[in-house]
Amino acid sequence: MSDDSPRLNYRAAGVDLDAADRAKRAIKSLVASTHDRHTLSGMGSFGGMYAVPGGLEAPVLVSSADGVGTKLKVAFLSGRHDTVGADLVNHCVNDILVQGARPLFFMDYLATGDMDAGVVARVVTGVARACRDNGCALLGGETAQMPDFYAPGEYDLAGFIVGIAERGALLDGSRTRAGDALVALASSGLHTNGYTLARRVVFDVLGLDAESPFPDSEETVADTLLAVHRSYLGSLSPELERGTVRALAHVTGGGIPGNLPRSLGPGLGARVDTGSWNPPGVFGVLARAGGVSRPEMYRVFNMGVGMLVVVAPAEADGLVSRLRARGEEAWVAGEVVAGSGVEMG
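Computed from a predicted model, the values in this text were never measured in an experiment.

Colleague: An account of the pairing of strand 7 (residues 268-272) is requested, with residue identities and associated values reported.
Modeller: Taken across its 5 residues, strand 7 has 4 buried, putting it largely inside the fold. Direction of pairing for strand 7 relative to strand 10 (residues 342-344): parallel, over a ladder of 3 bridges. Considered in strand 10, the bridge of Ala 270 is made with Val 342.

Colleague: Any chance you could break down the sheet that holds strand 10 for me, citing the residues and the numbers?
Modeller: Across the sheet, which stays open at both edges, the 6 strands sit in the order 6-8-5-9-7-10 with mixed pairing between neighbours. Strand pairing shows two members of the sheet lacking a second neighbour, strand 6 (247-250) and strand 10, which therefore form its edges. Ignoring which end each strand starts from, the neighbouring axes of this sheet average 25° apart. The sheet contact formed by strand 5 (residues 181-186) and strand 8 (residues 305-311) spans 6 bridges and is antiparallel. Bridging from a neighbouring strand, Leu 185 pairs with Met 307 of strand 8. In the packing of helix 4 (residues 84-97) onto the sheet, contacts are made with strand 6 and strand 8, and the angle to strand 6 comes to roughly 155°.

Colleague: Quick rundown of the environment of Met 115? Include the residues and the values.
Modeller: Examined against the element boundaries, Met 115 turns out to sit in the loop between strand 2 (102-112) and helix 5 (117-133). By relative accessible area, Met 115 is classed as buried at 12%. For the pair Met 115 and Ile 164, spaced 49 residues apart in the sequence, the C-alpha separation amounts to 35 Å. If we skip the residues at most four places from it in the chain, Met 115 touches Ala 19, Ala 20, Ala 23, Val 120, Thr 143, Ala 144 and Gln 145.

Colleague: So, the packing of helix 8 (residues 233-242) against helix 12 (residues 316-325): which residues are in play, and what are the values?
Modeller: Two numbers describe how helix 8 lies on helix 12: the axes approach to 9 Å, and their chain directions differ by 145°. Between helix 8 and helix 12 the crossing geometry is right-handed. Across from Ser 235, Leu 236, Glu 239 and Arg 242 in helix 8, the residues of helix 12 making contact are Leu 319, Arg 322 and Leu 323. Residue composition of the contact of helix 8 with helix 12, by class: 3 nonpolar, 1 polar and 3 charged.

Colleague: Break down the side chain of His 91 for me, with residues and values.
Modeller: One can find His 91 in helix 4. When its relative accessible area of 4% is taken as the criterion, His 91 is described as buried. With sequence-adjacent residues up to four places away left out, His 91 is seen in contact with Asp 66, Thr 192, Asn 193, His 229, His 250 and Thr 252.

Colleague: Can you break down the sheet that holds strand 3 (residues 137-145) residue by residue, with the values?
Modeller: Read across the sheet, 4 strands follow the order 1-4-2-3 without closing on themselves; strand pairing throughout is mixed. Strand pairing shows two members of the sheet lacking a second neighbour, strand 1 (59-67) and strand 3, which therefore form its edges. Strand-to-strand, the axes of this sheet are offset by a mean angle of 15°, without reference to chain direction. Pairing geometry for strand 1 and strand 4 (residues 155-166), over 9 bridges, is antiparallel. For Pro 59, the partnering residue across the bridge sits in strand 4 and is Glu 166. Most of the contacts of helix 5 go to strand 2, to which it runs at about 170°, and overall it touches strand 2, strand 3 and strand 4.

Calculation notes
Residues numbered from 1 in each chain as written. Predicted model: local features only at pLDDT ≥ 70, side-chain atom pairs only at ≥ 80, totals over all residues. Heavy atoms only, no water. Buried < 20%, exposed > 50% of the residue type's maximum accessible area, 1.4 Å probe, protein only. Helix = DSSP H or I, 4+ residues; strand = E, 2+ residues; numbered from the N terminus. Pairing = 2+ DSSP bridges. Axes fitted to C-alpha atoms, helices over the stretch in contact; angles between N-to-C directions. Contact = heavy atoms within 4.5 Å. Left-handed = near helix turned anticlockwise from the far one by under 90°. Nonpolar A, V, L, I, M, F, W, Y, C, P; charged D, E, K, R; others polar.

As structure tokens, this is what we get:
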């Protein structure tokens with residue numbers, strides 16, 4: 001190599017190790033704030049260690065992994081990064097809750113084109129906040145710089161959760177019966193599904209930007225589209241302990257028709273009374289502006305229902321009353337029937 005040959009290093013190639021170190025220092029206290037007495041490792045370990053809690057006769061570990069999807073595009077446009085981490089944690093918590101599990105620990109994966117320590121800290125702030133709210137340790141994770149893979153200012157976010165349940169209390173659809181009632185719990189907006197369609201309507205068809213007023217609303221576009229995907233753990237844990245819940249369905253991608261059958265036993269379907277609630281205004285705006293058909297709306301979006309609870313008919317009214325006493329918007333939305341699929345009446 002001659003003296004005038006270019007001299008390369010990792011930073012010149014696009015990866016700033018110093019920025020990565022700054023990002024890690026910025027989130028160290030956030031991670032530590034979620035740890036509990038079962039956490040055996042600290043940030044920086046090659047692997048996270050967590051002691052399995054005692055007190056269960058036949059403990060079963062339940063795990064799940066997910067991402068935030070193209071909702072992240074709204075975070076990029078608005079410069080708001082402190083909510084998507086909570087979306088991720090709460091989505092994963094709900095996914096194992098439907099099998100009767102409570103969360104133990106969570107791990108995140110954040111991949112970015114350029115390492116902005118401030119953005120990383122805001123993202124992890126949301127992750128840590130949701131972990132604390134759900135009683136879940138943020139055990140570790142990975143932050144990767146991939147400048148040739150992600151555009152400047154963009155990142156991807158995924159998470160991995162492990163929870164625990166008593167084997168005899170697992171929800172696997174075997175307890176469901178024809179005639180069981182469906183109790184709906186309200187969503188807090190779009191949650192984390194349908195954003196490719198929602199963004200096309202809002203930004204392309206309506207021509208709005210992140211800080212524009214959202215139609216028929218006092219909120220901005222960013223306020224509406226970044227509303228946090230909420231957790232149902234606090235409201236439903238007491239019901240799982242009562243032993244009256246026969247099944248749960250987290251309404252995510254695929255809507256009610258795509259998710260409810262996953263929680264029912266063989267030979268069972270459901271009839272949902274869509275007249276039992278009024279979908280929040282955001283869904284009406286998307287349907288009208290985008291010319292989206294009713295079946296497509298219910299297949300893509302949650303339409304205002306974030307979780308469905310299957311209980312014996314005699315338990316439905318009591319469940320609704322207890323959930324409302326905990327601050328939930330809850331109502332009887334249909335029933336389980338013999339057959340297959342979901343009839344959206």
